[in-house]
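# Examination of the molecular architecture
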Amino acid sequence: MLKNYFITALRNLTKNKLFSIINIAGLSIGIAGCMMIGLYIFNELSYDKFHKNADRLVRATTEYTVNGVISEDGTTGSMTGPRLASAFPQIESFVRVRSFEPYVVQYEEKRFIERKFLFADSVFFSMFSFPLTEGNPKTALDAPNKLVITKSMEKKYFGNQLALGKTLRVGGTTDYLISGVAMDPPVNSQIKFDFVASYESLPNANSPNWWVHIYTTYFLLRNTDIASALEKNIATYMNNQQDRGQAGNDYLIFHLEPFAKVHLYSHLEGLEPNGNITYIYVLGAIAMLILCIASVNYTNLATAQSASRISEIGIRKVLGSTRWQLFCQFIGESLLMNLFALLLAIFLVITFLPQFNQLVERSLSATILIKPFSVALIILLFFAISFASGVNPAFILSNLKLIKILKAGFSFSGGSFAFRKSLIVFQFFVSVFLIISTVIIFQQMSYVRNKDLGYNKDHIIVLPVDGAMRENFQAIKESIQRVPNILSVSCGAEETTNIQWDDEVRTRNDISAPPLFVRAAPTDIDFVRTMGLHLVAGQDFSLSDWRQMSSANNPDPHTTYMLNESLAKALGWKPEEAIGKTVYRGLQKGIVKAVIKNFHFAPLHQQIAPLIIFLDSRYAHIFQSFVKISGNNVSSTLHSLENVWKERVPYRPFQYHFLDENYNSLYHTEQQTAKIFIVFSSLAIILACLGLFALAAYTTVQRTKEIGIRKVLGAGEFQIVALISGDFIKLVVLASLIAFPIAWFLMNQWLQNFAYRINISWWVFFAAGLSATTLAMISIFFQAIKAAIANPVKSLKTE
């Protein structure tokens, strides 16, 4: 019997090739999309859970106020870990981790710039589950200038030799002893490293403080359920600490975030950008939606095909087939169809996983699909989809009454048909919503890319500046300036796309006076010219300003400041009034030389904050060099610049990027969201169109007699096409009308994240609705034409 079912199922698959292809394609696309999203969600939810002590690990974050203004940081000062660990016995141990500037790492003639370079306390490899293949985790970081590298770095620098006991030169000046080799961190770890140096190697390791927030601090608690109570006790403890340097009602407290939840639930970034649990919910909903659409499409198509199998069903019933046997026959066909779709879906996942990895920027592997848990889940998914999509057609067909078929033919219930129409509305509602969302996101990104930022970010090369270069930076700068096609050279602590340096400004030399908190940028005298900034009042920096900072033969040494318009306004000055005023950055006296026009030195999510620009005569805070080029013959300019670099900075490989590249990276999350929306809105539209095709076929079967009568009475082919397509166009229009206000509301909420944003245009909604309607018309055109040109005599005779 099973063999007969199988042969019959295969025969029906090959007999109705078009419907079979559409069914299998729709199901496989839906299952593949669901599986790839599932891989991504599984990876995100598994972040940091591989650690043995994951349930007892927490990250400390900082919350503090200054003059009542609340601020938060995902980092802490160096004092936080040791002070709290000694004060609270509930804390078993702590680790401070600092991610440092890219280092030049050298072994013999091999020299590379390494970016995944961390400094950490000695218990790092005891607290976290990063196993060492060489070395002792308890002693690997217990002294200055000790270094643990990963297996991939061991291969990179030493080939097939063992690295333990060898030395690497770091930063061109310091030799580090390799005291351990660790396995490479897994992809689902927020702590990713190639090198971990001992905390004692840091120059300021023995200078504890509360306020220099550059360390990510982790605690290992003695129990899993004490974090909430401990956090309250820490707040009470901190209020009694006099060395925190606060007055009045200002406070400094620390929150404890479960380590395994930081990646998805924290709004404060750590050692890598966080994910977002909301995106996980959205992607999960999209996965289920795609799977439901694919299953509903199969149900509609299978039911639509039922009319062609009435004779088969009748003969089987006459020959004695029971309702259960017919039900098993049609469920078996559903299982076979879904099996083909599942196999094709797995092939699609393996084939397109590299592209999906690029989209979500992860290193997901299809090998997870062969793990026992995944295999069990896939089998469960297979049977669930097979029965969910096959039960309805199987139930309808197995319950047909032979005498009713012979008397009245085959018909479908109106209630289920209305339900299927509502599913089409829902499918196109989602499609139109995704189209609108995608267009608005791309419009905002286009606005961001093309907005006048108040400075010229084009044709500016960014070069790194390290400690060794600072000592001789002026000579390096002069050598670079002599390269043809280079217009000017300047420097800074941070790139102008995202200045994060926090500082204080006062108008009198009184440290107890309430400060104004501002952003600050150290630089040299060529900054304004290099960046293309605009002066509102005053004059540009000059060489005399540079000399004025020296105390030699100068009775009143001071620096020179530039304020942006926001800072001048916050101090109560008009631009012209600010010129010549004395201000204090901390204790450093300075004279306001100019007021510059406001420019965007942070993402457009934020309003332009007060900014002070000051000269840094010793280049003590300089980490970036900005080289403005003409844009003519860029490759030749870069080649000449590289030659100068090799001559002046021989120990460091030539590495650069353009300023506009970094600017675009500020909106990476939004750009990635737009790409994801494009992919899945396309999938949703394809499946919705397949569903519409199925319902059109369904309707054509249902209205065969009506269409025949209309044609006999003189209806033309155009009228028949309009009759069939009209109802479906109404469904798409209804879906669009429902999607419009919801999309407007949600996307308007999303745009509120930007201080500078577009206005949503009406034509976006019109274009989305028109696109959906056009695609719907294309989907149903084949069935409408087929019904319009059918012979009415044959259809009436059959009916």
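Look above for the structure.
Residues numbered from 1 in each chain as written. Predicted model: local features only at pLDDT ≥ 70, side-chain atom pairs only at ≥ 80, totals over all residues. Heavy atoms only, no water.

### Some remarks on the overall build of the protein
The cut-off we apply is this: Under the DSSP-based scheme used, a helix requires at least four consecutive residues in state H or I and a strand at least two consecutive residues in state E, with every element numbered from the N terminus. The Shrake-Rupley method, run with a 1.4 Å probe, gives the accessible areas here. Residue values count only the displayed protein chains as cover.
When helices and strands are counted, the protein shows 26 helices and 24 strands. Of the roughly 36,800 Å² of accessible surface on the protein, 59% is carried by carbon and sulfur atoms.

### Considering the side chain of aspartate 545
Here is the rule we go by: Should any heavy atoms of two residues lie within 4.5 Å, those residues are counted as being in contact.
As for its position among the elements, aspartate 545 is in helix H17 (residues 543-548). With sequence-adjacent residues up to four places away left out, aspartate 545 is seen in contact with Asp540, Thr560, Lys593 and Leu615.

### Topic: the sheet that holds strand E23 (residues 624-629)
Selection rule: In short, DSSP must find at least two bridges between two strands for them to pair. Axes here refer to lines fitted to C-alpha atoms; in helices the fit is confined to the stretch in contact. Angles between the N-to-C directions go from 0 to 180 degrees.
Read across the open sheet, the four strands follow the order E15-E23-E14-E24; overall the sheet is antiparallel. In the strand order of this sheet, the two ends are held by strand E15 (486-492) and strand E24 (657-658), each with one partner. Here E15 runs beside E23; their pairing, made up of six bridges, is antiparallel. The residue of E23 that forms the bridge with isoleucine 486 is isoleucine 629. Helix-sheet contacts for helix H15 (residues 473-481) involve strand E14 (460-464), E15 and E23, and the interaxial angle to E15 is about 155 degrees.

### Structural notes on the packing of helix H3 (residues 80-87) against helix H6 (residues 227-239)
Filter applied, for reference: Note that the term roughly parallel is reserved for angles under 35 degrees, roughly antiparallel for angles over 145, roughly perpendicular for angles of 65 to 115, and oblique for everything else.
Relative to each other, H3 and H6 sit at 105 degrees, their axes nearing to 12 Å. Put simply, H3 runs roughly perpendicular to H6. Residues Arg83, Leu84 and Ala87 of H3 form the contact with H6, whose participating residues are Ile234, Tyr237 and Met238.

### Focus on the side chain of threonine 150
To keep things clear, this is the line we draw: Three labels apply to residues, based on accessible area from a 1.4 Å probe with only protein chains included: buried if under 20% of the type maximum, exposed if over 50%, partly exposed otherwise in between. A 3.5 Å cut-off defines polar contacts: any pair of N or O atoms within that distance qualifies, except that in protein one atom must be a possible hydrogen donor and the other a possible acceptor, and neighbouring residues in sequence count only when both atoms are side-chain atoms.
Mapped onto the elements of the fold, threonine 150 is located in strand E8 (residues 146-150). You can call threonine 150 buried: its relative accessible area is 0%. Looking at threonine 150, its side chain comes within polar contact range of the side chain of serine 152, at 3.1 Å. Setting aside its immediate chain neighbours within four residues, threonine 150 contacts Val181, Ala182, Met183, Asp184, Pro185, Phe193 and Asp194.

### Thoughts on the pattern of salt bridges
Formally: By convention in these notes, a salt bridge is any Lys or Arg side-chain nitrogen within 4 Å of a carboxyl oxygen on Asp or Glu.
If you walk through the whole model with that rule in mind, you get 17 salt bridges. Between glutamate 154 and lysine 151 there is a salt bridge, and its shortest N-O distance comes to 3.2 Å. Note that glutamate 154 and lysine 151 are positioned in helix H5 (residues 151-158) at a spacing of three residues, about one turn of the helix. When salt bridges that share partners are traced, they join Lys477, Asp524, Asp526 and Arg529 into one network.

### Digging into the nonpolar core
Going by this rule: What is meant by a nonpolar core is a set of buried Ala, Val, Leu, Ile, Met, Phe, Trp, Tyr and Cys residues, joined one to another through side-chain atoms within 4.5 Å.
Counting residues in hydrophobic clusters, the biggest one holds 148 residues, and the most contacted among them are Phe356, Phe428, Ile436, Ile480, Leu533, Ile613 and Phe680. Per-element accounting of this core gives the leading share, 15 residues, to helix H22 (residues 668-702). Contacts of phenylalanine 680, omitting those with residues within four sequence positions, involve Ile37, Leu283, Ile286, Ile290, Phe356 and Leu434. If you look at the next biggest cluster of nonpolar residues, it comprises 23 residues, including Val105, Leu168, Phe195 and Tyr215.

### Some points on the pairing of strand E9 (residues 167-170)
Only one face of E9 is covered, namely the one carrying Leu168 and Val170; the face carrying Thr167 and Arg169 has none of its residues buried. Linking two consecutive strands that pair antiparallel, namely E9 and strand E10 (residues 174-182), is a turn of three residues; a positive phi of about 70 degrees is found at glycine 171 within it.

### A word on H6
Counted only if it meets this: A helix is expected to span 1.5 Å multiplied by its residue count minus one. Working definition: the arc comes from the directions between the helix axis and the C-beta atoms, pointing outward to the latter.
Look at H6: 19 Å from first C-alpha to last across 13 residues, which is about the 18 Å you get at 1.5 Å a residue. Listed in full, the buried residues belonging to H6 are Ala227, Leu230, Ile234, Tyr237 and Met238. All buried residues of H6 lie within an arc of 90 degrees about the axis, which places them on one face of the element. In H6, the exposed residues that point more than 90 degrees away from the buried face are Ser228 and Lys232. In this structure, the buried side of H6 is in contact with strand E1 (57-66), H3, strand E3 (91-99), strand E12 (216-221) and strand E13 (252-258).

### Quick notes on unusual backbone geometry
Even without being a glycine, histidine 459 presents a positive backbone phi close to 60 degrees. Tracing the sequence through the fold places histidine 459 in the loop between helix H13 (414-450) and E14. Here histidine 459 falls in the partly exposed class, since its relative accessible area comes to 38%. Located in the positive-phi region is asparagine 485, a residue other than glycine, with phi close to 75 degrees. Looking at where asparagine 485 falls in the secondary structure, it is placed in the loop between H15 and E15. You can call asparagine 485 partly exposed: its relative accessible area is 31%.

### Quick look at empty space enclosed by the protein
Note the following rule: Cavity and pocket criteria rest on a 1 Å grid covering protein atoms alone: a 1.4 Å probe that fits but cannot get out defines a cavity, protein on both sides within 12 Å along at least 5 of 7 lines defines an open pocket, and an atom within 4 Å of a point defines a lining residue. Grid points are joined across faces, edges and corners, and a volume is the space filled by probe spheres set on the points. Note on residue classes: Ala, Val, Leu, Ile, Met, Phe, Trp, Tyr, Cys and Pro are nonpolar, Asp, Glu, Lys and Arg are charged, and everything else, Gly too, is polar.
By the definition in use, this model includes three cavities of 30 Å³ or more. Taken together, Gly492, Ala493, Glu494, Ile499, Ala520, Ala521, Pro522, Phe527 and Phe626 make up the lining of the second largest cavity. For the lining of the second largest cavity, the residue count by class is seven nonpolar, one polar and one charged.

### Brief notes about the packing of aromatic side chains
Defined as follows: When two rings of Phe, Tyr or Trp (its six-membered ring) have centres within 6.5 Å they constitute a pair, described as stacked for plane angles under 30 degrees, edge-to-face for angles over 60, and tilted for the intermediate range. Counting as a charge over the ring demands two things of the Lys NZ or Arg CZ atom: a distance within 6 Å of the ring centre and an angle within 35 degrees of the ring normal.
Applying the stated rule across the entire model yields 33 aromatic pairs. One aromatic cluster is present, formed by Phe50, Phe124, Phe125, Phe128, Phe130, Phe193, Tyr218 and Phe259 through successive ring pairs. Over the aromatic face of tyrosine 199 sits the side chain of arginine 96, whose NZ or CZ is 3.9 Å from the ring centroid. A cation over a ring is seen here: lysine 261 above tyrosine 265, with NZ or CZ 5.4 Å from the ring centre.

### A short note on the environment of methionine 747
As for its placement among the helices and strands, methionine 747 is situated in helix H24 (residues 717-751). Judged by its relative accessible area of 6%, methionine 747 falls in the buried class. Counting along the chain gives 310 residues from methionine 747 to serine 437, while the straight-line C-alpha distance between them is 6.5 Å. Excluding residues within four positions of it along the chain, methionine 747 makes contact with Ser437, Ile440, Ile441 and Ile760.

### Some details on a nonpolar patch on the surface
Quick note on the threshold: Residues enter patches when they are more than 30% accessible in relative terms and free of salt bridges; like-charged ones are connected within 9 Å and nonpolar ones (Val, Leu, Ile, Met, Phe, Trp, Tyr) within 5 Å.
A contiguous nonpolar patch, built from Leu734, Ile738, Ile742, Trp744, Phe745 and Leu746 and spanning about 530 Å² of accessible area, is present on the exposed surface. In this fold, tryptophan 744 is placed in helix H24.

### As for the packing of H15 against helix H20 (residues 634-648)
Put simply, the rule is: Whether a crossing is left-handed or right-handed is set by the direction in which the near helix is turned from the far one by less than a right angle, anticlockwise for left-handed and clockwise for right-handed.
Two elements in contact, H15 and H20, have axes whose closest approach is 10 Å; the angle formed by their N-to-C orientations is 155 degrees. As summarised for this structure, H15 and H20 are arranged roughly antiparallel, according to the angle between their axes. The handedness of the crossing between H15 and H20 comes out as right-handed. Where H15 abuts H20, its residues Ala475, Ile476, Ser479 and Ile480 lie against Leu641, Val644 and Arg648. Residue classes in the contact of H15 with H20 are distributed as five nonpolar, one polar and one charged.

### Points about H3
Looking at H3, one finds that the buried residues are Thr80, Gly81, Leu84 and Ala85. Buried residues along H3 cover an arc of 110 degrees about the axis, so they all sit on one side. Elements that come into contact with the buried residues of H3 comprise E3, E12, H6 and E13.

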